[in-house]
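Secondary and tertiary structure notes
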Amino acid sequence: MSDGLVLRLWRLAALLRHPKLHAIYVRRARRMPDVALPRGYSERMLWRKLFDRNPLFVTFADKLATKDWIRSRCPDLPIPRTLWVGSDPADIPPELIRPGVAVKANHGSRFNLLIQDAVPDRSQLVALCRRWLSTNWGRHHGEWHYGHVQRRIFLEELVGGDAPLVDIQIRAGGGRVGLCSTVLYAKTQGQRVRYMDPSGQIVMFGLDPGTLIPDSVIGAETLRRAVDAARRLSVGVDFARFDFLSDGEQLWAGEVTLFPATGYGDFEGEALSLVMEAWDLRDSWFLRDGGAGGGWLKRRYRAALMRILQAERAL
């Protein structure tokens, strides 16, 4: 059986097994994905959702487990201090519900409440946390790894001072650093972004120059430390976005994100090239370990995809 026929059979099998995720992708991207030979960034994200069951992904889905994992890899990298962990938000110590504390759930995105000035009503906070705990995050979009996390609420110290914190996002895999970005006022109307290569050189792709984060917000040394940390953390990981926080001088470890924008965002031009240089699909768990078992089609597909990727890399 030719590799081309194996890929066609795999595409058909994937479509029949995961029609909903294909439909969501088509609605978002306005095109049919190739999940047998994924070329684009978002296609690789969908491929990862459908086929790659790397156990490490479950660690990254758990914010608390991720802290321990980062600490084991980079013990010198500061991490915001955890103040309390529990499965029932009614048990949160009253003295910890105060300014300077973040209340979070460990198993999803945007499950957080930053207490900066006004202290929230305790009963409303408990109700909010219980809604978080009852939510099966990621299920609709195929982010399977969240479903394996033991859901908990935790309280964390807020780092930094009065100056707004900047998110530093480093996309890396296998010790290779690709596209970097800094985000000021993240997820607000005033969000400002700066995309760079690992040296700090700006990469532009369709951004209004007026929305760029200023040069002075993050210094070259802070970016260098974030890049170095991401390079160390990404060894043995095929690809992820390694997130950090900075006040302009100090650097704190954040999360490890596997599906930014739920996996549907795309890059273009130099930005896409930087991402793809860091993401070698041959390093994925599916091609290294996870595809060795299973039925005959899975084994044939794994071998065919590896041959194609090896040949492309040789060129």
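Read on for a plain summary of the structure. (Residues numbered from 1 in each chain as written. Predicted model: local features only at pLDDT ≥ 70, side-chain atom pairs only at ≥ 80, totals over all residues. Heavy atoms only, no water.)

**Here's the deal with the overall build of the chain**
- Looking only at helices and strands, one finds 10 helices and 9 strands in the chain.
- A compact globule built from 315 residues should have a C-alpha radius of gyration of about 20 Å, and the chain, at 21 Å, falls within 12% of that.
- Projected onto its principal axes, the C-alpha coordinates of the chain cover approximately 65 × 45 × 35 Å.
- Residues counted as buried form 49% of the 315 residues belonging to the chain. (Helix = DSSP H or I, 4+ residues; strand = E, 2+ residues; numbered from the N terminus. Rg over C-alpha atoms; globule rule 2.2 N^0.38 Å. Buried < 20%, exposed > 50% of the residue type's maximum accessible area, 1.4 Å probe, protein only.)

**A word on the pairing of strand S4 (residues 153-157)**
- Within S4, 4 of the 5 residues are buried, which leaves the element mostly enclosed by the surrounding structure.
- Across 4 bridges, strand S1 (residues 82-86) lies against S4 in antiparallel orientation. When the sheet's bridge partners are listed, Val85 is paired in S4 with Phe154.
- Where strand S2 (residues 101-105) and S4 come together, 5 bridges link them in antiparallel fashion. Paired with Val103 across the strands is Leu155, a residue of S4. (Pairing = 2+ DSSP bridges.)

**Description of the layout of surface pockets**
- Taken as a whole, the second largest pocket encloses approximately 250 Å³ of empty space.
- For the second largest pocket, the full set of lining residues is Trp10, Ala13, Ala14, Arg17, His18, Leu50, Phe51, Arg53, Phe286, Leu297 and Lys298.
- Sorting the residues of the lining of the second largest pocket by element identifies helix H1 (3-17), helix H3 (41-51) and helix H10 (296-314) as the ones contributing at least two each.
- Take the lining of the second largest pocket: its biggest share by element is 4 residues, from H1. (1 Å grid on protein atoms, 1.4 Å probe; cavity = no way out; pocket = protein on both sides within 12 Å on 5 of 7 lines; lining within 4 Å. Points joined across faces, edges and corners; volume = space filled by probe spheres on them.)

**Points about the packing of aromatic side chains**
- Evaluated as defined, the whole model comprises 16 aromatic pairs.
- Taking 5.5 Å as the distance between ring centres and 80° as the angle between the ring planes, the aromatic pair formed by Trp47 and Phe286 counts as edge-to-face. Taken together, the residues span a long stretch of sequence, with Trp47 in helix H3 and Phe286 in helix H9 (residues 285-290) at a distance of 239 residues. For the pair Trp47 and Phe286, a shared accessibility class is recorded, and that class is buried.
- Clustering of aromatic rings is evident, with ring pairs tying together Trp10, Trp47, Phe51, Phe286 and Tyr301.
- Just above the ring of Tyr264 sits the side chain of Lys49; from NZ or CZ to the centre is 4.3 Å. (Phe/Tyr/Trp six-rings, centres within 6.5 Å; stacked < 30°, edge-to-face > 60°. Lys NZ or Arg CZ within 6 Å of the ring centre and 35° of its normal.)

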